[in-house]
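What follows is each chain in one-letter form.
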Amino acid sequence: KNDRMLDSLNKSVSEKKRERNEMAEKRKSQWGALSELSAQVTDAKESARRAYSSMRKSMPRNTAMGLDALDRIIREEGIVVGEQYFGPVMDNIQLVEDKYQTAIEVAAQNALFHVIVDTDATAARLMRRLESERL
């Protein structure tokens, strides 16, 4: 009777050890996947930062300053992003194919930096603040 109980316990311990080892391997592989995804996110953020920096260099200085001030004004005025303010036109365009990018840039020119808002009232509110700050 004791031998059967001991055998049963040994089997149970062996099974639990096997499960533990499988879980450790799974955890190790998930840590590897997480590390890889973290590296991809870091690379994507850096690429976005470089692209934004490049874009800023391509626009007129006053336009860049105005867009920066606009971000601050929107926060101060409590304007809801995504409901009242949608950002510059360039942020709201999704190209079907990258080959059209240059054509759009040439055709739209500085209009790509115009901002999209929900109503004339929101536009007037933002314009008043920009004008009062002489931007």
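Note that the structure is predicted; figures quoted are calculated from it, not measured.

It is worth spelling out the overall build of the protein chain at this point. The helix and strand inventory of the protein chain stands at four helices and two strands. Taken from N to C terminus, the helices and strands of the protein chain fall in the order α-α-β-α-β-α. Rg of the C-alpha trace for the protein chain: 28 Å, well past the compact-globule value of 14 Å for 135 residues, more than 25% over. Its C-alpha atoms put the protein chain at 90 × 35 × 25 Å along the principal axes. Within the protein chain, the proportion of its 135 residues that are buried is 14%.

On to the layout of surface pockets, then. Counted as a void, the largest pocket has a volume near 720 Å³. Forming the walls of the largest pocket are 25 residues, and the residues nearest its centre are Met 55, Met 90, Asp 91, Leu 112 and Phe 113. When contributions to the lining of the largest pocket are tallied by element, the ones reaching two or more residues are α1 (2-58), α2 (61-77), β1 (85-88) and α3 (101-108). A total of seven residues in the lining of the largest pocket trace back to one element, the largest contributor, which is α1.

Here we take up the environment of Leu 9. Mapped onto the fold, Leu 9 is located in helix α1. Counting along the chain gives 54 residues from Leu 9 to Thr 63, while the straight-line C-alpha distance between them is 75 Å.

This model, assessed by the stated rule, comprises 13 salt bridges. A salt bridge links Glu 46 to Arg 50, with the nearest nitrogen and oxygen atoms 3.5 Å apart. Here Glu 46 and its partner Arg 50 are both found in helix α1, four residues apart, which amounts to about one turn of the helix. Judged by relative accessible area, Glu 46 falls into the partly exposed class, the value being 30%. Several salt bridges converge on common partners, so that one network encompasses Arg 72, Glu 76, Glu 77, Arg 125, Arg 129 and Glu 133.

Attention now moves to the packing of α2 against helix α4 (residues 120-132). Orientation of α2 relative to α4, taken along the N-to-C sense of each, is 115°, at an axis distance of 10 Å. With respect to the hand of their crossing, α2 and α4 are arranged in right-handed fashion. Contact residues: α2 offers Gly 66, Leu 70, Arg 72, Ile 73, Ile 74, Glu 76 and Glu 77, while α4 offers Arg 125, Leu 126, Arg 129 and Leu 130. Here the contact of α2 with α4 is composed, by residue class, of five nonpolar, one polar and five charged.

Our focus in this paragraph is the confidence of the model for the protein chain. Per-residue pLDDT for the protein chain averages 90, and the proportion of residues at 70 or more is 99%. Taken element by element, the protein chain is modelled with least confidence in α3, mean pLDDT 86, and with most confidence in strand β2 (residues 115-117), mean pLDDT 94.

Counting seven residues, the largest nonpolar core consists of Leu 70, Ile 73, Ile 74, Ile 79, Tyr 85, Leu 126 and Leu 130. Only α2 and α4 provide two or more residues apiece to this core. Among the elements that make up this core, the one with the highest residue count is α2 (three residues).

Next up on the list: the side chain of Arg 129. Here Arg 129 lies in helix α4. A distance of 2.5 Å separates polar atoms of two side chains, one belonging to Arg 129 and the other to Glu 76.

So, how was this worked out
Residues numbered from 1 in each chain as written. Predicted model: local features only at pLDDT ≥ 70, side-chain atom pairs only at ≥ 80, totals over all residues. Heavy atoms only, no water. Helix = DSSP H or I, 4+ residues; strand = E, 2+ residues; numbered from the N terminus. Rg over C-alpha atoms; globule rule 2.2 N^0.38 Å. Buried < 20%, exposed > 50% of the residue type's maximum accessible area, 1.4 Å probe, protein only. 1 Å grid on protein atoms, 1.4 Å probe; cavity = no way out; pocket = protein on both sides within 12 Å on 5 of 7 lines; lining within 4 Å. Points joined across faces, edges and corners; volume = space filled by probe spheres on them. Salt bridge = Lys/Arg side-chain N within 4 Å of Asp/Glu carboxyl O. Axes fitted to C-alpha atoms, helices over the stretch in contact; angles between N-to-C directions. Left-handed = near helix turned anticlockwise from the far one by under 90°. Contact = heavy atoms within 4.5 Å. Nonpolar A, V, L, I, M, F, W, Y, C, P; charged D, E, K, R; others polar. pLDDT = per-residue confidence, 0-100. Core = buried A, V, L, I, M, F, W, Y, C linked by side-chain atoms within 4.5 Å. Polar contact = N/O pair within 3.5 Å; in protein donor to acceptor, adjacent residues only side chain to side chain.

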